[in-house]
Amino acid sequence: MSEVLVLIDHVDGAVRKPTYELLTIAKRLGEPSAVFIGSGAQGAEVAEKVKAYGAEKVYVVDDAQIKGYLVAPKAEALQQLAEKTSPAAILIPSTSEGKEVAGRLAIKIGSGLITDAVDVQEGGVTTQSVFAGNYTVQAKVTKGTPIITVKPNSAAPEESAGAGAVEEFSATISDAAKGAQIVASQPRKATGRPELTEAASVVAGGRGTAGNFEPIEGLADALGAAVGASRAAVDSGWIPHTFQIGQTGKTVSPQLYVAAGISGAIQHRAGMQTSKTIVAVNKDEEAPIFELVDFGVVGDLNAVLPAAADEINKRKG
Amino acid sequence: MNIVVCVKYVPDATADRQFESDNTVDRVGVDGLLSELDEYAVEQALQIKEKAGDDTEVTAVCIGPEKAVDAVRKALQMGADKGIHVVDDAIAGSDAVATSLVLAKAVEKAGPADLIVCGMASTDAVMSVVPAMLAERLSLPQVTLASVVETQGDQVRVKRDGDTATEVIGATMPLVLSVTDQSGEARYPSFKGIMAAKKKPLETWSLSDIGVDAGDVGLSVAWTEVEDTTPRPPRTAGEIVKDEDGSGATALTEFLASKKFI
Ligand SMILES: Cc1cc2nc3c(=O)[nH]c(=O)nc-3n(C[C@H](O)[C@H](O)[C@H](O)COP(=O)(O)OP(=O)(O)OC[C@H]3O[C@@H](n4cnc5c(N)ncnc54)[C@H](O)[C@@H]3O)c2cc1C
Ligand SMILES: Nc1ncnc2c1ncn2[C@@H]1O[C@H](COP(=O)(O)O)[C@@H](O)[C@H]1O
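Residues numbered from 1 in each chain as written. Chains lettered and ligands numbered in written order. Predicted model: local features only at pLDDT ≥ 70, side-chain atom pairs only at ≥ 80, totals over all residues. Heavy atoms only, no water.

Asks: Lay out the sheet that holds strand S14 (residues 239-242) of chain B in plain terms, naming residues and giving numbers.
Replies: One open sheet accounts for six strands, arranged S14(A)-S13(A)-S15(A)-S16(A)-S17(A)-S14(B); its pairing is parallel. The open sheet has two edge strands with one neighbour each: strand S14 (226-229) of chain A together with S14 of chain B. This sheet shows a mean twist of 15 degrees between the axes of neighbouring strands, independent of strand direction. Here helix H5 (residues 214-223) of chain A sits on the sheet and contacts strand S13 (201-205), S14 and strand S15 (256-260) of chain A; the angle it forms with S13(A), its principal contact strand, is near 175 degrees. Each of S15, strand S16 (277-282) and strand S17 (295-298) of chain A touches helix H8 (residues 301-316) of chain A; the most contacted strand, S16(A), lies at about 130 degrees to it. (Pairing = 2+ DSSP bridges. Helix = DSSP H or I, 4+ residues; strand = E, 2+ residues; numbered from the N terminus. Axes fitted to C-alpha atoms, helices over the stretch in contact; angles between N-to-C directions. Contact = heavy atoms within 4.5 Å.)

Structural data, given as structure tokens:
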């Protein structure tokens, strides 16, 4: 069976959940080989983690020389690994960086690219959600080695023991790839809540919060949910842009999405329409968000959300 | 300085967007316009030009069908100096790999560019990969998804919300830059701008003008193939209750419990 390269999504060696989803998907296409581009010293530790989800091999590419540079060095490393292994497919997390690595790689190795897949079946047939979630599209790469970027929550991670054989891979990185440098970086402050794109539940607030996100956070914490926001809330400066959901923010597809004080503009829908269960709380019964909901409450979020949070906390005991 | 802005003509997101029977995006039956997200790219290009204050020139380039010339016109009305529209029947149905090839060749022919500015994503395909592909094809660095852009001579510094951190990125021109909708509101064309645009140079190029083989682009040679498109089944109408004296919170809690979210 051919190898399937899976680029590990991690922050300083801490493996992020989408990696396990990608490994699960990779098993449908061939033999998963995880690729860790990070600190060589962490290779063994990372290998232990990905091995539990079926990684047969773990290529460790030490990033000491390339850590401070954007995208291009990673694409070069993957190109060289692809040339060495002739993989059946290359799976990359659909983060903004992941997509750009994939874009450069596609040109380098002369392969087709599919981005933002929400599912990948045997034979490499992908499912994508397009036009603000109004269409689903089935597609396939027809040239070269399929490169597919996969969105978070696209598969339930399945544990299965792989060999996890570590292989150091030293990539040759050109100077040209070191053109864009990270001059400063401020890691996002931990919120103590789940990561927005990975969360099983999301509670989002919009202009209707009038800047007070306490009711949103209260309900989110009662449900163990992540907090999100509309662009109107972000543009008003009530919450940082990283919480924005929609066309120009994050796309989420949780089991439960609660929209409070959000009207449901097409650009907002684009980021949440594929959520499994949708709930809205809005004062205006004509708000377009109600067209999407499984359950809606016409009312003031400042009354409904805190009371619901209380009841939920009581039930949980 | 020479700045090229890549602008795409897209079906209006608020209209009913559709697919053709060959599974390509319907670009004719639905009203189109300059992608809103590329207006931010034009705006940043114009601001950089204004700040440079010298003989900096901004050229808007668009690949697309006949009607797509509207996107170029809009960029000229906003203040771009020159427009280039690459149109050729053979381009129809091109995917990102092919689009980036045509763009790269057009940018090369437009003359050496110091800065190539793109939007963060096209509002129809929403791939956010063309800028990276273009950079790869032109062997340039890419500085993407900028929310704040600063230039000084040939130095570019941007701020951006990365996937896990807020970052400052630095690079030296020439490079490919993409900007987000956080980078600052795009200007509306003024009456003067609209009048002036009519006299600005607008060239139409075919594939042979830029030396691209028709056999390398278009639907029949696409590197990816769409097998099927399905409209999302309409969501079944949910239950909607009115909150009266706290009944809403109880009903909501019951619903969440019935779905096992509690
Ligand atoms: C290029 C482009 C990209 C965009 N990208 C995005 C994006 O990524 N994400 C995004 O969200 N938007 C995006 N937008 C903006 C989008 O079009 C809407 O303007 C935005 O989503 C509106 O946010 P909102 O629903 O919070 O505000 P509004 O539309 O003003 O709605 C507020 C809602 O709150 C309700 N309300 C008020 N008070 C209360 C209360 N006390 N209790 C309950 N309900 C109350 C009101 O009835 C109303 O329905 C984009 C727009 C453009 C042009
Ligand atoms: N056909 C096109 N003509 C001109 N520019 C384009 C075209 N397609 C994409 N672009 C540029 O690439 C950016 C990202 O597009 P995409 O990768 O399709 O999301 C857009 O915002 C444009 O700046």
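Asks: Help me get a handle on the site of ligand 2, residues and values and all.
Replies: Residues and elements named next belong to chain B. Taken together, the neighbourhood of ligand 2 is formed by 19 residues, with Cys6, Asp38, Ser122, Ser128 and Val130 sitting nearest. Val7 is positioned with one of its backbone polar atoms (N or O) 3.4 Å from a nitrogen atom of ligand 2. Interatomic distance of 2.4 Å between a side-chain N/O atom of Asp38 and an oxygen atom of ligand 2. Its free accessible area being 480 Å², ligand 2 has 97% of it covered by the protein chains. A per-element tally of the shell around ligand 2 places strand S4 (residues 57-63) first, with three residues. When grouped by side-chain class, the residues that make up the shell around ligand 2 number 13 nonpolar, four polar and two charged. (Near = heavy atom within 4 Å. Polar contact = N/O pair within 3.5 Å; in protein donor to acceptor, adjacent residues only side chain to side chain. Areas by Shrake-Rupley, 256 points an atom, 1.4 Å probe, with all protein chains shown as cover. Nonpolar A, V, L, I, M, F, W, Y, C, P; charged D, E, K, R; others polar.)

Asks: Kindly report on a nonpolar patch on the surface, identifying the contributing residues and their values.
Replies: Residues B:Phe191, B:Ile194 and B:Met195 make up a contiguous nonpolar surface patch of roughly 300 Å² in combined accessible area. By relative accessible area, which is 36% here, B:Met195 ends up partly exposed. (Patch = residues over 30% accessible without salt bridge, like charges linked within 9 Å, V, L, I, M, F, W, Y side chains within 5 Å. Salt bridge = Lys/Arg side-chain N within 4 Å of Asp/Glu carboxyl O. Buried < 20%, exposed > 50% of the residue type's maximum accessible area, 1.4 Å probe, protein only.)

Asks: For the pairing of strand S1 (residues 3-7) of chain A, give the residues involved together with the corresponding values.
Replies: Residue and element names in this part refer to chain A. For S1, a buried count of five out of five residues is recorded, marking the element as mostly surrounded by other parts of the structure. Of the two faces of S1, the one holding Glu3, Leu5 and Leu7 and the one holding Val4 and Val6 are both buried throughout. As judged from the five bridges shared by S1 and strand S4 (residues 31-38), these two strands associate in the parallel manner. Pairing of Leu5 across the sheet is with Ser33, part of S4.

Asks: Pulling in residues and values, what's your account of the interface of chain A and chain B?
Replies: A common way to state how big an interface is: give the accessible area lost once the parts meet. In this assembly, 84 residues from chain A lie in contact with 79 residues from chain B. Summed over both sides, the interface of chain A with chain B buries roughly 7000 Å², with 57% coming from carbon and sulfur. On the chain A side of the interface with chain B, the three residues burying the most area are A:Arg104, A:Phe131 and A:Phe295, jointly 11% of the side's total. For the pair chain A and chain B, the number of links is five salt bridges. Across the salt bridge formed by B:Lys242 and A:Glu285, the nearest N and O atoms sit 3.4 Å from each other. Taken together, chain A and chain B are joined by 36 residue pairs in polar contact (both at pLDDT 80 or more). Element by element, the count of residues in the side of chain A that touches chain B is highest for helix H4 (residues 96-109) of chain A, at nine residues. Residues belonging to the side of chain A that touches chain B are distributed by class as follows: 37 nonpolar, 29 polar and 18 charged. Sheet topology note: the strand S9 (residues 135-141) of chain A/strand S13 (residues 224-231) of chain B ladder contains seven bridges and is antiparallel. Among the inter-strand pairings, A:Gln138 is bridged to a residue of S13(B), identified as B:Asp228. (Buried area = accessible area lost by both parts, 1.4 Å probe.)

Asks: Which residues make up helix H2 (residues 69-78) of chain B, and what are the values?
Replies: Looking only at H2(B), the buried set comprises B:Val69, B:Ala71, B:Val72, B:Ala75, B:Leu76 and B:Met78. Once H2(B) ends, the next one or two residues include B:Gly79, with phi positive near 140 degrees.

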